[in-house]
Amino acid sequence: ESSASYLDALAYLEDPEGERRRRQEVDAEAYRVVDEVASQIAEVLAAMRTASKKEKPVLLARKRELENLPAYVEALHYLEDPAEARHRKRQATSSD
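Thresholds applied
- Residue numbers restart at each chain and count upward from 1, following the sequence in its written direction.
- Local features in this predicted model are restricted to residues of pLDDT 70 or higher, and side-chain atom pairs are both shown and tallied only at a pLDDT of 80 or more, whereas totals for entire chains, interfaces and linings draw on every residue.
- Water and hydrogen atoms play no part in the side-chain values, which are based on all heavy atoms of the structure.
- Runs of E in the DSSP output that reach at least two residues are strands. Runs of H or I that reach at least four are helices, and both are numbered from the N terminus.
- We call a residue buried when its accessible area falls under 20% of the maximum for its residue type, exposed when it is over 50%, and partly exposed in between, using a 1.4 Å probe and counting protein chains only.
- In what follows, residue pairs with any heavy atoms lying within 4.5 Å of each other are defined as contacts.
- Surface accessibility follows the Shrake-Rupley procedure with a 1.4 Å probe radius. Residue values consider only the protein chains on display as shielding.
- Residues belong to one nonpolar core when they are buried, are Ala, Val, Leu, Ile, Met, Phe, Trp, Tyr or Cys, and are joined through side-chain atoms within 4.5 Å.
- Each residue after the first adds 1.5 Å to the expected span of a helix.
- Put simply, a salt bridge is a Lys or Arg side-chain nitrogen that is within 4 Å of an Asp or Glu carboxyl oxygen.

Moving on to the overall build of the protein chain. Counting its secondary structure elements, the protein chain contains five helices and zero strands. Secondary structure elements of the protein chain, listed N to C terminal, follow the sequence α-α-α-α-α. Taken across its 96 residues, the protein chain has 24% of its residues classed as buried. For the protein chain, the share of sequence-separated contacts (at least 6 apart) that also reach a separation of at least 24 residues comes to 61%. Working note: accessible area of the protein chain is about 7000 Å², and carbon and sulfur atoms make up 55% of it.

Grouped together as the largest cluster of nonpolar side chains are 14 residues, with contacts concentrated most on Val37, Ile41, Leu59, Leu66, Tyr72 and Ala75. Where this core is concerned, the elements lending two or more residues are α2 (16-50), α3 (56-67) and α4 (70-80). If near-sequence neighbours (up to four positions away) are discounted, valine 37 is found in contact with Leu66, Leu69 and Tyr72.

Attention now goes to α2. For α2, built from 35 residues, the straight-helix expectation of 51 Å at 1.5 Å per residue is met to within 8% by its first-to-last C-alpha distance of 52 Å. When we look at burial in α2, the residues that qualify are Gly18, Glu19, Arg23, Ala30, Val33, Val34, Val37, Ile41, Val44 and Met48.

Another point: helix α5 (residues 82-95). Note: α-helices contain 3.6 residues per turn, so residues at a spacing of three or four share the same orientation. Taking 1.5 Å per residue, 14 residues should reach 20 Å; α5 reaches 20 Å between its end C-alpha atoms and fits that length. Within α5, the full set of buried residues consists of Ala83, Ala85, Arg86 and His87.

Another aspect to go through is the pattern of salt bridges. Considering all chains together, one arrives at five salt bridges under this definition. With its nearest N and O atoms 2.7 Å apart, the salt bridge here joins arginine 32 to glutamate 29. Note that arginine 32 and glutamate 29 are positioned in helix α2 at a spacing of three residues, about one turn of the helix. Residue class for glutamate 29 comes out partly exposed when judged on its relative accessible area of 39%. The partner of lysine 63 in a salt bridge is glutamate 67, with the nearest N and O atoms 2.9 Å apart.

With respect to the helices, strands and loops of the structure, valine 37 is situated in helix α2. Relative accessible area serves as the criterion here: at 5%, valine 37 is assigned to the buried category. Separated by 35 residues in the primary sequence, valine 37 and tyrosine 72 have C-alpha atoms spaced 6.9 Å apart.

Set out below in structure tokens:
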């Protein structure tokens with residue numbers, strides 16, 4: 001964790017305005033993804049209230065599918081720990 005924080009601080013020191021702008025854009029996108037998927041999950045849960053026994057397993061599978069979408073999981077991880085998420089992304093980029 002400390003290396004993630006160090007690299008995060010270093011990136012900020014190298015280009016404060018650019019890094020601030022990038023962080024704001026990533027924050028906004030992460031919130032957008034989470035809001036969109038959470039809304040879809042809420043719709044599935046609402047449909048569960050009136051669904052037949054036959055329809056409920058299909059709806060539960062859809063809920064699970066939504067909760068496991070890579071973009072959703074990545075956005076949640078980012079919002080929970082932005083510095084660590086940026087560190088993981090830097091590592092993935094540097095290994096390509």
